[in-house]
Structures are given as C-alpha cells and as structure tokens.
Amino acid sequence: MIEAAGAGFLIAVLWMDLIFDVQALPHRRSAELPEPVLASIAAYYRRATTTSRPMSLLIAAVMAILLVALTFHALHGATPGWLSALHLALAGGPILLALTRTVPHAVALGHRNGTLAEQSALARSICRDHLLCLTAMSAFLVLVLSVGR
C-alpha cells in the first residue's frame with residue numbers, strides 16, 4: 001500500500017521535526033524564544049532544508065508519490081468519492097501546507113533571517129504547522145489502514 005508507506009514515512013519526518021519544534025512550547029508567553037532554543041531549532045532546519053541535499057528532496061518525492069497514488073485511486077479505483085475526498089483532504093492538506101508555508105518558513109529560520117522576534121514567530125509557526133500536519137497525516141494513516149483500498 002503506497003499510501004500507508006508514504007504516510008508512515010511523512011509521520012516519521014514530522015516526528016523528527018517535532019523533536020526540535022517542541023522546544024518552543026514552554027516559551028509561548030514570551031515574544032522571543034531564548035537564544036539557545038532558537039539556535040537549536042534554526043540549526044536543525046538549516047541542516048534539514050539546506051545542507052542535507054539531495055536527501056531533503058526525498059521528502060518532496062514521497063509527497064509527490066503519495067499525491068499521485070491518491071489521485072490514481074480516486075480516478076481509477078473502487079473507492080467511494082467521499083472517501084477519496086477525505087483521503088485527499090487529510091493527506092493533501094498537510095502536503096500543501098508544507099510546500100506553501102512550512103518549508104519556506106523553515107528555510108528562512110535555518111538562515112536566521114529577521115529579528116529574534118521574527119525568528120521566534122517562524123519557529124512557533126513551524127511547530128503549529130507540524131502539529132497540525134501530524135494530526136491530519138495520522139488520521140489519514142488510520143483511515144487507510146482501517147478502511148483499506
């Protein structure tokens with residue numbers, strides 16, 4: 001099952017990202033994250049988005065494969081339309097969010113662009129995005145495994 005494998009891979013990536021992201025959670029009430037916290041998160045995203053190429057491209061490839069598989073099954077499978085739409089929303093939504101907002105924010109944070117307050121806002125935004133994506137992708141995986149194809 002391509003969908004389950006892709007979702008499992010993306011959940012593992014999100015888990016690794018959240019290991020760093022959650023450092024921001026105890027500092028929700030302050031405008032700026034402490035420098036050691038911000039430095040840790042930024043260094044991770046510099047490695048994950050910039051210096052790890054071509055490995056970082058694997059994540060985009062898995063996202064593309066997952067979307068192609070979902071589209072193929074929606075058009076040619078025996079899956080009811082409502083279920084295909086739900087699959088696409090739960091998996092496609094996080095992928096779209098990642099490509100349009102989360103990754104650009106991670107690249108900017110990895111390069112330490114902006115003031116400390118702006119970098120802190122980026123780190124918090126990335127954390128929120130990842131928590132949302134983990135929830136949606138986990139629901140997608142549970143749905144795919146329980147309902148099947």
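Check the entry above for the structure.
One structure accompanies this document, and this report is about it. These numbers were taken from a predicted model, which means no experiment stands behind them.

**Quick word on the packing of helix 2 (residues 35–51) against helix 4 (residues 81–110)**
Where helix 2 contacts helix 4, the two axes come as close as 7 Å, and the packing angle between them is 115°. Handedness of the crossing formed by helix 2 with helix 4: left-handed. Across from Leu38, Ile41, Ala42, Tyr45, Arg46 and Thr49 in helix 2, the residues of helix 4 making contact are Ala106, Val107, Leu109 and Gly110. Across the contact of helix 2 with helix 4, the residue classes break down as seven nonpolar, two polar and one charged.

**Some thoughts on the pattern of salt bridges**
Scanning all chains against the criterion turns up two salt bridges. Across the pair Glu35 and Arg112 runs a salt bridge whose closest N-O atoms are separated by 3.1 Å. With a gap of 77 residues between them, Glu35 in helix 2 and Arg112 in the loop between helix 4 and helix 5 (116–147) connect regions that are remote in the sequence. The partly exposed category is assigned to Glu35, whose relative accessible area is 38%. One salt bridge in this structure joins Arg101 and Asp129, with 2.3 Å as the shortest N-O distance.

**Some details on helix 4**
In this model, helix 4 (30 residues) spans 40 Å end to end at C-alpha, consistent with the 44 Å of a helix rising 1.5 Å per residue. Maximal helix bending in helix 4 amounts to about 50°, located at Ala98. Positioned one or two residues after helix 4, Arg112 has a phi angle of 55°, which is positive.

**Things to note about the packing of helix 3 (residues 56–76) against helix 4**
Orientation of helix 3 relative to helix 4, taken along the N-to-C sense of each, is 155°, at an axis distance of 10 Å. In terms of their interaxial angle, helix 3 and helix 4 are classed as roughly antiparallel. As for the relative orientation of helix 3 and helix 4, their crossing is left-handed in sense. Between helix 3 and helix 4, the residues in contact are Met63, Leu66, Leu67, Leu70 and Ala74 and Ser84, His87, Leu88, Ala91, Gly92, Ile95, Ala98 and Leu99, respectively. Classifying every residue of the contact of helix 3 with helix 4 gives ten nonpolar, three polar and no charged.

**Topic: the state of the cysteines**
Counting across every chain of the model gives zero disulfides. For Cys127, which is in no disulfide, the shortest distance to another cysteine sulfur is to Cys133 and amounts to 11 Å. With relative accessibility at 4%, the residue Cys133 sits in the buried group.

**Quick notes on the packing of aromatic side chains**
Going through the model one piece at a time under the given rule, you end up with two aromatic pairs. Ring centres of Phe20 and Tyr44 lie 4.2 Å apart, and the angle between their planes is 10°; this geometry places the pair in the stacked category. Of this pair, Phe20 sits in helix 1 (residues 2–21) while Tyr44 sits in helix 2, and the two are 24 residues apart along the sequence. Aromatic pair Tyr44 and Tyr45: ring centres 4.9 Å apart, planes at 75°, arrangement edge-to-face. For the pair shown, Tyr44 and Tyr45 are each scored as buried.

Procedures and definitions
- Residues numbered from 1 in each chain as written.
- Predicted model: local features only at pLDDT ≥ 70, side-chain atom pairs only at ≥ 80, totals over all residues.
- Heavy atoms only, no water.
- Axes fitted to C-alpha atoms, helices over the stretch in contact; angles between N-to-C directions.
- Helix = DSSP H or I, 4+ residues; strand = E, 2+ residues; numbered from the N terminus.
- Left-handed = near helix turned anticlockwise from the far one by under 90°.
- Contact = heavy atoms within 4.5 Å.
- Nonpolar A, V, L, I, M, F, W, Y, C, P; charged D, E, K, R; others polar.
- Salt bridge = Lys/Arg side-chain N within 4 Å of Asp/Glu carboxyl O.
- Buried < 20%, exposed > 50% of the residue type's maximum accessible area, 1.4 Å probe, protein only.
- Expected span 1.5 Å × (residues − 1).
- Bend = angle between axes of the 7 residues up to and from the residue.
- Parallel < 35°, antiparallel > 145°, perpendicular 65-115°, else oblique.
- Disulfide = S-S within 2.5 Å.
- Phe/Tyr/Trp six-rings, centres within 6.5 Å; stacked < 30°, edge-to-face > 60°.

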